[in-house]
Amino acid sequence: MSEPATLEIISDNISEDEVIFPPGDILSDEPPLESDLHRDQIDLLIRILKLWWRDRQDFYASGNLTIYYSPNQKKSEYFRGPDFFVVLGTQKKDRKSWVVWQEDGKYPNLIVEILSSSTTAVDKGLKKQVYQDTFRTPDYFWFDPVTMELQGFHLVDGKYQEIQVTTDGRLWSQQLELYLGVYEGKLRFFTTENQLILSSEELAEQERLRAEQAEKRAQRAEQEIAQLREALRTQGIDLENI
């Protein structure tokens, strides 16, 4: 969610040989998230996608993390902090920031910004322009956790074209090959069959309910067998002697 700023001023009197480029392990420089809604939404997207792609090793998904993209390899020149982004075709590992010049020049394949009253204008204006013209990010979405506004764009011939909403109110991401849609007030992922992709907590609850239902079915079966035995005994039939 950061904006470009000059954090370090390099004097014109310093020779090119004296310029010290940042180390390989550059820390993220993002401000605290604006609300619980923003934090929870970003965390949910990251956790669910990592769980869904748990067997893949060729992507990086993160959020509220600084992307440094200076052509001069200076962390003070150009940087952005998307709320949620995914890079494909890269190594799956933890990072303290995303440094384009240290990642084979790769930019995010997908970006999602979570709107707020203080960021909406920038997310819909300047950031959209940067993601289109500089990042060349194929899929860009924004979502407002208060109003439930969801809009998406796909890069076509260098320009963002609005993604048409489905009859279910969802938007297709070509990069993730998943739908994005709102479910119970949260931005979520859906499969090509329009099935909600569950979180680890939802999967655990689903398994608990299945086990509970299986136990109830077993109990009913035992009761029915006991009732059958009792009915046969009243008719003078002892199953144990048959």
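Everything below is about the structure shown above.
Presented here is an overview of the structure given in this document. Just so it is clear, the structure is predicted and the values come from calculations on it, not from any experiment.

Some remarks on unusual backbone geometry
Piece 1. Look at Gln73: it is not a glycine, yet its phi comes out positive at around 60°.
Piece 2. Looking at the element boundaries, Gln73 is found in the loop between strand S2 (67-68) and strand S3 (79-80).

Some thoughts on the nonpolar core
Piece 1. Formed by 26 residues in total, the largest nonpolar core has its most connected members in Leu49, Phe84, Val86, Val112, Leu176 and Phe189.
Piece 2. Secondary-structure elements contributing two or more residues to this core are helix H1 (36-52), strand S1 (59-62), strand S4 (84-88), strand S6 (110-114), strand S7 (139-143), strand S11 (178-183) and strand S12 (186-190).
Piece 3. Among the elements that take part in this core, H1 stands out by supplying six residues, more than any other.
Piece 4. In contact with Leu49, other than residues within four places in its own chain, are Ala61, Phe84, Val86, Leu176, Leu178 and Phe189.
Piece 5. Counting residues in hydrophobic clusters, the runner-up holds 18 residues, among them Ile111, Val130, Tyr131 and Trp142.

Describing the sheet that holds strand S10 (residues 171-173)
Across a sheet, paired strands are connected by hydrogen bonds in the backbone, their directions being either parallel or antiparallel.
Piece 1. If you trace the three strands from one edge of the open sheet to the other, you get S10-S11-S12, paired in antiparallel fashion. Of all strands in the sheet, those bounded by a partner on one side alone are S10 and S12. In this sheet, adjacent strand axes meet at a mean angle of 35° when their direction is disregarded.
Piece 2. Examined bridge by bridge, S10 and S11 share three bridges and lie antiparallel to one another. Bridging across to S11, Ser173 finds its partner in Leu178.
Piece 3. The strands touched by H1 within the sheet are S11 and S12, with S12 carrying the most contacts at an inclination of about 10°.

Regarding the sheet that holds S2
Piece 1. Sheet architecture is open: three strands sit in the order S3-S2-S5, paired in mixed fashion. Across the chains shown, the open sheet's two edge strands, defined by having one partner strand only, are S3 and strand S5 (98-99).

Describing helix H3 (residues 126-133)
Piece 1. Restricting attention to buried positions, one finds in H3 the residues Lys127, Val130, Tyr131 and Gln132.
Piece 2. Turning to H3, the residues buried within the fold contact S3, S6, helix H2 (120-124), S7, strand S8 (150-156) and strand S9 (159-162).

Cut-off values and rules
Residues numbered from 1 in each chain as written. Predicted model: local features only at pLDDT ≥ 70, side-chain atom pairs only at ≥ 80, totals over all residues. Heavy atoms only, no water. Helix = DSSP H or I, 4+ residues; strand = E, 2+ residues; numbered from the N terminus. Core = buried A, V, L, I, M, F, W, Y, C linked by side-chain atoms within 4.5 Å. Buried < 20%, exposed > 50% of the residue type's maximum accessible area, 1.4 Å probe, protein only. Contact = heavy atoms within 4.5 Å. Pairing = 2+ DSSP bridges. Axes fitted to C-alpha atoms, helices over the stretch in contact; angles between N-to-C directions.

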